[in-house]
Structure formats: C-alpha cells, structure tokens
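If you want the building blocks of each chain, they are given just below.
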Amino acid sequence: MTQETPQTPQTPPETQADDDGRNERHRSRMVRKKALIDDKIAQAQRDCGVIVITTGNGKGKSSSGFGMVVRAMGHGMKTGVVQFIKGAIPTGEEKFLRRFPEACDFHVMGEGYTWETQDRSRDIAKAEAAWDEARRMLRDPSFGLVLFDELNIALKLGYLDVNTVIADLQARPDMQHVVITGRGAPQALIDAADTVTDMTPVKHAFAQGIRAQAGVEM
C-alpha cells in the first residue's frame, strides 16, 4: 500500500473585491498623507542658508557632503571645499572637482589621519590654517555652498575652538549653505546646525578583510 504525499494547502487567490479594497485603502492613506505634506510645505516658505552636519561612525559622511557640492554646482552655484585631517591619499572627489576650478575652490589642508601623523602640535597648526581658509569662504558671499570635510574630528580633538567656529558660521552671508562632516560632532555645533544626520554602521567590507576600494572609499 503506497503512502500518499501530504498536499500543501493552497492559498485562495485574491479576489477582485479584495484587490479593490486594498487599492482604496492605499488611496485613502495617500490622500491623508498628501494633505499633511502639503500643509508642511505651505508653512515652510522661508529661504536662508543652512548648516548641514553628517556625523556618526557609519560610512558615507564625506560622500554625502561631496554629493551636495556637485548638486550645488548643477544649480550654477560657486562652491568651496576645505578638507581637514585628510590629505595623504588623493581621493576621487578631489581629482574630479579639480577639473572645475571656476565652480569649486578645493583645498586639501590636512596631512593624513592622526594615527599616521603622530604630531599633535603640527596637526593643530594645520587645522588652524585650514580654518583660516574656511573663514575666507565664510566671508565671501559669492560662495553658495561650502563643505568643511572632517571638521568635526578637528573639533572633537580640540584642534579648534568650537565657539570660535560657531561664531564664524553664524556671521556668514545669509544665503550661504555650509556642510560639515566627520565623526564626533560636538553638541554645541549640533545645536547650532539646521540639519543633522547620524550615520549608523550596520556592516562594512573592511571588517571582512577587504581593503579600501577606489571609487568606494577613496
């Protein structure tokens, strides 16, 4: 006597009525959502320069900042970049943006990561020189957007005075946007910013023994 194979219960096909009901519920939710978003848009009518911070331990902080530089250039804005800490390894962003010197004023002011330089006094001097360059941009209304890459690290390590930095940021032209990247953004700077994103790491190739790849990390 042969044993019959148990049959897997079949899920009844969705009826047209079920599909119509789902579509109507979706439409109703989107109508309510549109009303809420339209109301928020109607209330947000002020134009001004904003301070944007990307911080946290996850990957993508500088990449986000450079994306905003390219976006601003696409709108015909003059941009500026000052890189703190970094400098020992040429990056793809630097190589690309230096092709457009009239649209992007690019300055690499660091000499490499602190565990490589191993000279705090020299690192402080480089950070101060970089902030002099940043301050020049902050006083020039022709710059529509400026990126201060890894400034957060210089502040976290005490290479620059956070109150001086905030005062310079707040004295900039009304319509100038500032993007600041780096781990460990100090709370005072976060409080002074308009938009802050904390990058959270979930998984990184480096932990699997994969070294930094051109076009991805540099």
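Residues numbered from 1 in each chain as written. Predicted model: local features only at pLDDT ≥ 70, side-chain atom pairs only at ≥ 80, totals over all residues. Heavy atoms only, no water.

By the naming in an unreviewed UniProt entry, the protein is Corrinoid adenosyltransferase, taken from Pandoraea bronchicola. Listed in UniProt under the heading Sequence similarities (unreviewed entry), the comment for the protein reads: "Belongs to the Cob(I)alamin adenosyltransferase family." We quote the UniProt Pathway (unreviewed entry) comment for the protein here in full: "Cofactor biosynthesis; adenosylcobalamin biosynthesis; adenosylcobalamin from cob(II)yrinate a,c-diamide: step 2/7." (UniProt positions renumbered as here; feature names shortened; annotations may be inferred.)

Chemist: Explain the packing of aromatic side chains to me, please; I cannot follow it from the model alone.
Modeler: Aromatic ring pairs are reported here in terms of the distance separating the ring centres and the angle at which the planes meet. Evaluated as defined, the whole model comprises four aromatic pairs. Centre to centre, the rings of Phe66 and Phe106 are 6.1 Å apart; their planes meet at 5 degrees, and the pair counts as stacked. Taken together, the residues span a long stretch of sequence, with Phe66 in helix α2 (residues 61-74) and Phe106 in strand β3 (residues 104-108) at a distance of 40 residues. Residues Phe66 and Phe106 agree in their burial class; the two are buried. Centroid distance Phe84 to Trp131: 6.4 Å. Interplanar angle 40 degrees. Geometry classified as tilted. Here Phe84, found in the loop between β2 (78-83) and α3 (92-97), pairs with Trp131, found in helix α5 (residues 120-138); they are 47 residues apart in sequence, far enough to count as distant. (Phe/Tyr/Trp six-rings, centres within 6.5 Å; stacked < 30°, edge-to-face > 60°. Helix = DSSP H or I, 4+ residues; strand = E, 2+ residues; numbered from the N terminus. Buried < 20%, exposed > 50% of the residue type's maximum accessible area, 1.4 Å probe, protein only.)

Chemist: For this particular structure, what's the right way to read the pairing of strand β4 (residues 143-149)?
Modeler: Here is the key point about a regular strand: its side chains alternate between the two faces of the sheet. Burial analysis of β4 places seven of its seven residues in the buried class, which makes it a mostly covered element. In the sheet, β2 pairs with β4 via six bridges, with the strands oriented parallel. Bridge assignment links Val81 to a residue of β4, and that residue is Leu147. Bridge count for β4 against strand β5 (residues 177-181) is four bridges, and the pairing is parallel. Within the sheet, the bridge partner assigned to Val146 lies in β5 and is Val178. (Pairing = 2+ DSSP bridges.)

Chemist: Explain the side chain of Asp168 here, please?
Modeler: Secondary-structure assignment places Asp168 in helix α7 (residues 162-170). With relative accessibility at 15%, the residue Asp168 sits in the buried group. Here the side chain of Asp168 touches Trp131 through a polar contact of 2.8 Å, side chain to side chain. For Asp168, the side chain forms a polar contact with the side chain of Arg135, separated by 3.0 Å. When residues no more than four places from it in sequence are discounted, the contact partners of Asp168 are Trp131, Arg135 and Leu138. (Polar contact = N/O pair within 3.5 Å; in protein donor to acceptor, adjacent residues only side chain to side chain. Contact = heavy atoms within 4.5 Å.)

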